[in-house]
There are 2 protein chains.
Amino acid sequence: MKSVHKVLQEFSQEAHELYLSRSVPNLLEPPDPLQFYRDWISPNRPCIIQNGLRHWPALSRWSPDYLREKIGSKVISVAVTPNGYADAVVGDRFMMPEERQMSFSSVLDIIEGKVQKGGVFYIQKQCSNLLQELPELVDDVEPHVPWMSTALGKLPDAVNFWLGDGNAITSMHKDPYENLYCVISGVKRFILLPPTDRPFIPYGVYQPAVYHEQDNGEFEVIEKTDSQKQVPWIPLDPLDPDLDLYPEYRKAQPLCCSVKAGEMLYLPSLWFHHVQQSHGCIAVNFWYDMEYDIKYNYFQLLESLCGASGSM
Amino acid sequence: MKSVHKVLQEFSQEAHELYLSRSVPNLLEPPDPLQFYRDWISPNRPCIIQNGLRHWPALSRWSPDYLREKIGSKVISVAVTPNGYADAVVGDRFMMPEERQMSFSSVLDIIEGKVQKGGVFYIQKQCSNLLQELPELVDDVEPHVPWMSTALGKLPDAVNFWLGDGNAITSMHKDPYENLYCVISGVKRFILLPPTDRPFIPYGVYQPAVYHEQDNGEFEVIEKTDSQKQVPWIPLDPLDPDLDLYPEYRKAQPLCCSVKAGEMLYLPSLWFHHVQQSHGCIAVNFWYDMEYDIKYNYFQLLESLCGASGSM
């Protein structure tokens, strides 16, 4: 009788042998909706669509000057951290950024180095901030991706605008969304892990805390004592994994990819991802709600087994 | 720490709560290919398409007289058993039918009661027998189901013709195919179990044997001694489950449905199914090869766990 531990290892290995590739495949053109559903969404496989947004005016328009003119005076939410790590495990805490309301121009001043400020700035608010906070920019992109909306039979739940410092990092996590991540300028670098590698990914629960910049420019850590709720998160940094602490991670098989201006990444639901970017990179992403179907059901089984088989 | 046994129970229960219904849903019309892929194939959910084959000439044409005239002299493979159970566990054996070559007319004579013969007769050879053995009938149906072929992006691997005795039974099993089961006359009764109920379904391995009718009309059992290969099969009869022997089966939640002339059942890959029929029922089914993707990968995990957690 095989141990659950061994069964899970074979399962993850079989995923790579059966249907995952060693790198993220490229499509040359926006795909046919049915074909995309069948080849990528249903089998939960990522791909890069190389010419997916060539027709967006944003690609040529979104210079700092244009953005200053169009939305410079608008006030927007910005995440500020001392080190670029927002929503990440630091020590025994889940550290959240200071959320600062700033004019778009003043964020650009910092990113462009015209103004020196302590901390790492990242416009990353995932509340459909493109539609909610920056509707002036929607005509430069699209409010949804027509072939994806046709494939999924629904519109996106959120369209998010991302702009920030080259040191801003999105720590490893997963989302319950089918995600189309579109790069307008610069480059995003993704480290991806399939849901089937879940057995090798460590989780812990952490006390939430928030950064706050003091008058002297130092960041202090404020415990969220009002919230008793601890946050489950991945403590492992895939850029420098602590393999003594998390030896099972050796068995994970990450896919790395760069998504350049004009390209979009299809990041399937429940894939773990870690994101870095070039300085001043601008991106827009579309979150379509995932289906709570057999694949989700199976993933929940996997989650339970990772608990039931002890810390892996 | 939860036991694997408990985790599997919760998993199966969650499938019923999340996305399975208590009965097999009906569609009124042949569906749009993308919509069908998204709503039924990808989530691996069965449904009945009520007017899926109303345009097939077979529905009005396939009387015994017509079939006698068109293919009466053709020789076809027929499965003959003493009790209607072909490819089923009987005692400690996996019993296969006697495969008899007969003219189509003589099979009809027996089914219509014009000729008395011992045994239960069933044309059920799953080798694409409609296209291979009875090509004269193809124009009365279709060589494939256009919207399904578009949805799946491929043609069927096999198109099978079924005609037989009301006592012929297909024992509980699963196939690695997306199956469209089309009833031309009479009615088929299905008992379906989702792949996620696998933990409650007993399996054994059995010595294969074949029925053979002797000169005195009695059936003898011939061990397939040439083949050392034992057959893994489900010993449980869902019409009369032995709950003392297989107590876990109490937790299975079968869906039962009747598929009438003019209707087709979409029977998703890896669903367990048990089939009965009205006497003389005629059906055609289309087998499209399944994808060996994340759902298959997860099902293999489930299979391994059912082994790893002991006999369930």
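Report on the accompanying structure. (Residues numbered from 1 in each chain as written. Chains lettered and ligands numbered in written order. Predicted model: local features only at pLDDT ≥ 70, side-chain atom pairs only at ≥ 80, totals over all residues. Heavy atoms only, no water.)

What follows is about the relation of the copies chain A and chain B. Of the transformation placing chain A onto chain B, the axial shift is 0.0 Å and the rotation is 180°, giving an RMSD of 0.0 Å. The operation mapping one copy onto its partner corresponds to a two-fold rotation axis. (Least-squares fit on C-alpha atoms with pLDDT ≥ 70 in both.)

Residue and element names in this part refer to chain A. Counted under the stated rule, the structure contains 28 salt bridges over all chains. One salt bridge in this structure joins Arg100 and Glu213, with 2.8 Å as the shortest N-O distance. Linking Arg100 in strand 7 (residues 98-103) with Glu213 in strand 13 (residues 204-213), this pair joins segments that are 113 residues apart in sequence. Across the salt bridge formed by Lys154 and Glu291, the nearest N and O atoms sit 2.7 Å from each other. Taken as a pair, Lys154 in the loop between helix 7 (146-152) and strand 9 (158-164) and Glu291 in the loop between strand 19 (282-289) and helix 8 (294-308) lie far apart in primary sequence, 137 residues in all. The partly exposed category is assigned to Lys154, whose relative accessible area is 22%. Residues joined in a network through salt bridges with shared partners are Arg68, Asp109, Glu112 and Lys114. (Salt bridge = Lys/Arg side-chain N within 4 Å of Asp/Glu carboxyl O. Helix = DSSP H or I, 4+ residues; strand = E, 2+ residues; numbered from the N terminus. Buried < 20%, exposed > 50% of the residue type's maximum accessible area, 1.4 Å probe, protein only.)

A separate point is the interface of chain A and chain B. In this complex, chain A contributes 40 residues to the contact, which on the side of chain B involves 40 residues. Summed over both partners, the interface of chain A with chain B comes to about 3,400 Å²; 69% of that surface belongs to carbon and sulfur atoms. Together, Ile294(A), Asn297(A) and Tyr298(A) form the three largest contributors to the area buried by chain A at its contact with chain B, with a combined 20%. One can count 11 residue pairs in polar contact (both at pLDDT 80 or more) joining chain A with chain B. Listed by contribution, the elements that provide at least two residues to the side of chain A that touches chain B are helix 1 (4-18), helix 2 (33-41), helix 7 and helix 8 of chain A. (Contact = heavy atoms within 4.5 Å. Buried area = accessible area lost by both parts, 1.4 Å probe. Polar contact = N/O pair within 3.5 Å; in protein donor to acceptor, adjacent residues only side chain to side chain.)

For the rest of this paragraph, the subject is the layout of surface pockets. Regions of empty space are outlined by a rolling probe, equal in size to a water molecule, passed over the atoms. Residue and element names in this part refer to chain B. In this structure, the largest pocket occupies an estimated 580 Å³ of space. In terms of lining residues, the largest pocket is bounded by 29 residues, among which Gln126, His173, Lys174, Asp175 and Trp233 are the most central. Of all the secondary structure elements, the ones that give two or more residues to the lining of the largest pocket are strand 10 (169-173), strand 11 (177-185), strand 15 (231-233), strand 18 (272-277), strand 19 (282-289) and helix 8 (294-308). Considered class by class, the residues forming the lining of the largest pocket number 16 nonpolar, nine polar and four charged. (1 Å grid on protein atoms, 1.4 Å probe; cavity = no way out; pocket = protein on both sides within 12 Å on 5 of 7 lines; lining within 4 Å. Points joined across faces, edges and corners; volume = space filled by probe spheres on them. Nonpolar A, V, L, I, M, F, W, Y, C, P; charged D, E, K, R; others polar.)

What follows concerns the sheet that holds strand 19 of chain A. Residues and elements named next belong to chain A. Spatial strand order, 1-2-17-11-19-9-8-3-7: nine strands in an open sheet with mixed pairing. A single partner strand is all that each edge strand has here, and the edge strands are strand 1 (26-27) and strand 7. Bridge count between strand 1 and strand 2 (residues 47-49): two bridges; the pairing is parallel. By the bridge assignment for strand 2, Asn26 is matched with Ile48. (Pairing = 2+ DSSP bridges.)

All names here are of chain A. Looking at the secondary structure, you find Asp165 in the loop between strand 9 and strand 10 (169-173). One buried charged side chain, Asp165, makes no salt bridge at all; its nearest oppositely charged neighbour is Arg189, positioned 10 Å away. At 2.7 Å, the side chain of Asp165 forms a polar contact with the backbone nitrogen of Asn167. Excluding residues that lie within four positions of it along the chain, Asp165 makes contacts with Ile111, Val120, Phe121, Gln277 and His279. (Lys, Arg positive; Asp, Glu negative; His and termini not counted.)

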